Amino acid sequence: MQLQGEYLGMNVAIPDLDRPNQEFYTHCGQGVLHLQSCVKCNLLRYPTTTACPWCSEPESTWTPVSGRGTLYSYGEVHHAIQPVFRQFTPYLILLVELDEQRDTPDRYDGLRINGNLADASGELATPELVATVGIGSRLRVVFKSIGDGLAIPLWTPDTEAEQEAPWRYPDN
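Cut-offs used in this document
Residues numbered from 1 in each chain as written. Predicted model: local features only at pLDDT ≥ 70, side-chain atom pairs only at ≥ 80, totals over all residues. Heavy atoms only, no water. Pairing = 2+ DSSP bridges. Helix = DSSP H or I, 4+ residues; strand = E, 2+ residues; numbered from the N terminus. Phe/Tyr/Trp six-rings, centres within 6.5 Å; stacked < 30°, edge-to-face > 60°. Buried < 20%, exposed > 50% of the residue type's maximum accessible area, 1.4 Å probe, protein only. Lys NZ or Arg CZ within 6 Å of the ring centre and 35° of its normal. Contact = heavy atoms within 4.5 Å. Salt bridge = Lys/Arg side-chain N within 4 Å of Asp/Glu carboxyl O.

Q: What is the right way to look at the sheet that holds strand 3 (residues 34-38) in this model?
A: In any sheet, the strands associate via hydrogen bonds between backbone groups, in a parallel or an antiparallel arrangement. In space, the three strands of this open sheet follow the order 4-3-5, with antiparallel pairing throughout. Of all strands in the sheet, those with a lone pairing partner are strand 4 (44-45) and strand 5 (60-64), marking the two edges. Strand direction decides the pairing type here: strand 3 and strand 5, joined by five bridges, are antiparallel. Within strand 5, the position partnered with S37 by the bridge is T61.

Here is the structure:
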């Protein structure tokens, strides 16, 4: 059965053949970030796949993770192509390295998840919040319900973590 929801007025549909993503977004809808864990090498992976990218094992289990990490990289969007996002410019597309499996299986292969910057309630971040976040910022996951028991993971500053001065790309 195809799962459907709505985000910012846009239809979201996850086809019934895409069971891994249906499971991922259903876990998010329950308010807990789960990732696939390989039954052979035990490494976590994202995005969802049909086989482990490290050892090619097809079997996996779903494992809850903390949903906390460090901003590894980001893109700052000033000219949104999708009309609904224009009202939120500038907004950030983040690449967050989770605390679990950092620098594993080697130094350059941490467990990283993409998403947008949001406030603690899951609303896309204001320009004022965008200006405070940079590489090295500590973040935590928040979930935005999109209906049908589904939610998308977004990222917000982790107010419980010690924050160092983040690095930001210089303004031109």
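Q: How should the packing of aromatic side chains be read in this particular structure?
A: The geometry of an aromatic ring pair comes down to the distance between the two centres and the angle between the two planes. Counted by the stated rule, this structure contains five aromatic pairs. With a centroid separation of 4.8 Å and 85° between ring planes, the pair formed by F24 and Y25 is classed as edge-to-face. When the centroid spacing of 5.3 Å and the interplanar angle of 35° are considered together, the rings of F85 and Y91 count as tilted. Pair check on accessibility: F85 and Y91 agree, each one buried. Its end group placed over the ring of Y72, R112 keeps NZ or CZ at 3.7 Å from the ring centre.

Q: Explanation requested: the environment of G115 in the structure shown.
A: Inspection of the secondary structure assignment puts G115 in strand 8 (residues 112-116). The exposure class assigned to G115 is buried, which follows from its relative accessible area of 14%. Separated by 13 residues in the primary sequence, G115 and E128 have C-alpha atoms spaced 18 Å apart. Aside from chain neighbours lying at most four places away, what touches G115 is L92, I93, L94 and W155.

Q: Is there a simple way to explain the pattern of salt bridges in this structure?
A: Side-chain pairs of opposite charge can arise where the charged atoms are in close proximity. Across all of its chains, the model carries seven salt bridges by this definition. Salt-bridge contacts for E76 lead to R168; the nearest nitrogen and oxygen are separated by 2.6 Å. A residue pair is termed long-range when its members are at least 10 positions apart, and E76 in strand 6 (residues 68-77) and R168 in the segment after strand 10 (150-157) qualify at 92 residues. Between E123 and K144 there is a salt bridge, with the nearest N and O atoms lying 2.5 Å from each other. Of the two residues, E123 is situated in the loop between strand 8 and helix 2 (127-130) and K144 in strand 9 (residues 138-147); the sequence distance between them amounts to 21 residues.

Nothing here speaks to function; it is all geometry.
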